[in-house]
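# Architecture and fold: a report
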Amino acid sequence: MADTAARRSPLAHAADRFAAVTRSSRGALRLAELPFLAQVTVRLDPKSPAAEAAGLALGVPLPLAPNTVNRGGELAVLWLGPDEWLVVGPAASTGLAERLRTAIGDEHVAIADEHTAVVDEHTAVVDVSAQRTTLLVAGPRSRDLLAHGCPLDLHPRAFGIGRCAQTTLARARVVLVARDDLRPGFWVLVRSSFAGYLADWLLDAATEHVGQPALQVS
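Residues numbered from 1 in each chain as written. Predicted model: local features only at pLDDT ≥ 70, side-chain atom pairs only at ≥ 80, totals over all residues. Heavy atoms only, no water.

This brings us to the pairing of strand E5 (residues 84-89). Sheet faces and side chains relate simply in a regular strand, where the side chains alternate between the two faces. Burial runs high along E5: 5 of the 6 residues are buried. Note that strand E4 (residues 75-81) and E5 share 5 bridges and pair antiparallel. Residue pairing for E5: Trp79 is matched across the bridge by Trp85. Between E4 and E5, which pair antiparallel in sequence order, lie 2 residues. (Buried < 20%, exposed > 50% of the residue type's maximum accessible area, 1.4 Å probe, protein only. Helix = DSSP H or I, 4+ residues; strand = E, 2+ residues; numbered from the N terminus. Pairing = 2+ DSSP bridges.)

So this is what it looks like as structure tokens:
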């Protein structure tokens, strides 16, 4: 994983604008970048011993239900497909890929490069931390804001705590995660190359809609 002190986050230039919208919303919205989160994709057979070993190494089992999130400590494990997960940790997390590689079994690992391990030709552990950044969209109006550009039903009954999905937001491909606490809010994981575009869309949409009546979610 690259040294975060030596690089600039994709949305560092937008920090002041995020803060301004957050202030002007008077608590209705909070926009911010969560830069440099550790992100590792895991591909394996969910019924294999490797799946159990990966869960033990992380301290949280891999979720098996579609579009769900398991959390343990500072880690979140997102279901992306029947044999694919994304492990997300704080920026200070290091060695996640190595930890998983070791747990699955070094004797079966063929190293493709310094970030990728392929196990038994069907299992892969890939550090993708540099591919995406994460936007925090939180506050009582966060669902209203995202609903203007996302095709999902974001009502808490349909997309509440413990849910995630690969979807689109303003036509950009994202991974959307409902925050796992009592306050409304979401993580929006987006490719770094689309981060600026999506930030501009969120800022424009927030400015336009923050003064309108809130959508009912009861």
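Having put the structure on the table, let's press on.
Per-residue pLDDT for the protein averages 87, and the proportion of residues at 70 or more is 84%. Every residue in residues 107-112 scores below 50 in pLDDT, and together they form 13 contacts with partners more than four places removed in sequence or on other chains. When the criterion is pLDDT under 50, residues 212-218 qualifies, and its contacts beyond four places in sequence or with other chains add up to 11 contacts. (pLDDT = per-residue confidence, 0-100. Contact = heavy atoms within 4.5 Å.)

With that settled, the discussion passes to the environment of Ala92. If you trace the backbone, Ala92 turns up in the loop between E5 and helix H3 (96-105). Residue class for Ala92 comes out exposed when judged on its relative accessible area of 68%. Along the chain, Ala92 and Leu37 lie 55 residues apart, while their C-alpha atoms are 7.8 Å from each other.

This part is about the packing of aromatic side chains. Under the criterion given, the structure shown has 1 aromatic pair. Arranged with centres 6.2 Å apart and planes meeting at 25°, the rings of Phe159 and Phe186 form a pair that is stacked. With Phe159 in the loop between helix H4 (142-147) and strand E10 (164-169) and Phe186 in strand E12 (residues 185-191), this residue pair connects regions lying 27 residues apart in the sequence. (Phe/Tyr/Trp six-rings, centres within 6.5 Å; stacked < 30°, edge-to-face > 60°.)

Here the focus is the packing of helix H2 (residues 49-58) against H3. For the pair H2 and H3, the least separation of the axes is 8 Å and the interaxial angle reads 135°. If you check the angle between H2 and H3, you find them oblique. As H2 runs across H3, the sense of the crossing is right-handed. Packed against H2, whose contacting residues are Ala50, Ala53, Ala54, Ala57 and Leu58, the element H3 presents Leu96, Arg99, Leu100, Ala103 and Ile104 at the interface. Considering only residue class, the contact of H2 with H3 consists of 9 nonpolar, no polar and 1 charged. (Axes fitted to C-alpha atoms, helices over the stretch in contact; angles between N-to-C directions. Parallel < 35°, antiparallel > 145°, perpendicular 65-115°, else oblique. Left-handed = near helix turned anticlockwise from the far one by under 90°. Nonpolar A, V, L, I, M, F, W, Y, C, P; charged D, E, K, R; others polar.)

The next thing to look at is unusual backbone geometry. A negative phi holds for most residues other than glycine; trans holds for most peptide bonds. Phi at Arg26 is positive, roughly 55°, even though this residue is not glycine. Turning to its location among the elements, Arg26 is positioned in the loop between helix H1 (15-24) and strand E1 (30-34). A positive phi angle is found at Arg171, which is not glycine, with a value near 70°. Among the structural elements, Arg171 can be located in the loop between E10 and strand E11 (172-178).

Of all hydrophobic cores here, the largest spans 30 residues; its most connected members are Leu146, Val188 and Leu198. At the level of elements, H1, strand E9 (132-138), H4, E10, E11, E12 and helix H5 (192-209) are the ones that each hand at least two residues to this core. No other element matches H5, which puts 7 residues into this core. If we ignore the near neighbours within four places in the chain, the residues touching Leu198 are Leu135, Leu169, Ala170, Ala172, Val174, Val188 and Val190. With 20 residues, the next largest nonpolar core counts Ala51, Leu58, Leu96 and Ile104 among its residues. (Core = buried A, V, L, I, M, F, W, Y, C linked by side-chain atoms within 4.5 Å.)

Turning our eyes to something else, we now look at the environment of Ser93. Along the chain, Ser93 falls in the loop between E5 and H3. In the structure, Ser93 is positioned 18 residues away from Leu75 in sequence and 9.2 Å away in space, judged by C-alpha atoms.

Take the pattern of salt bridges next. Tallying each qualifying case throughout the model produces 5 salt bridges. Between Arg43 and Asp83 there is a salt bridge; the shortest N-O distance is 3.2 Å. Of this pair, Arg43 sits in strand E2 (residues 38-43) while Asp83 is found in the loop between E4 and E5, placing the two residues 40 residues apart along the sequence. Given a relative accessible area of 33%, Arg43 falls into the partly exposed group. The exposure class assigned to Asp83 is partly exposed, which follows from its relative accessible area of 30%. With its nearest N and O atoms 2.4 Å apart, the salt bridge here joins Arg101 to Glu98. One end of the pair is Arg101 and the other is Glu98, both in helix H3 and 3 residues apart, which spans about a single turn. A single salt-bridge network, built from bridges that share partners, covers Arg43, Asp83 and Glu84. (Salt bridge = Lys/Arg side-chain N within 4 Å of Asp/Glu carboxyl O.)

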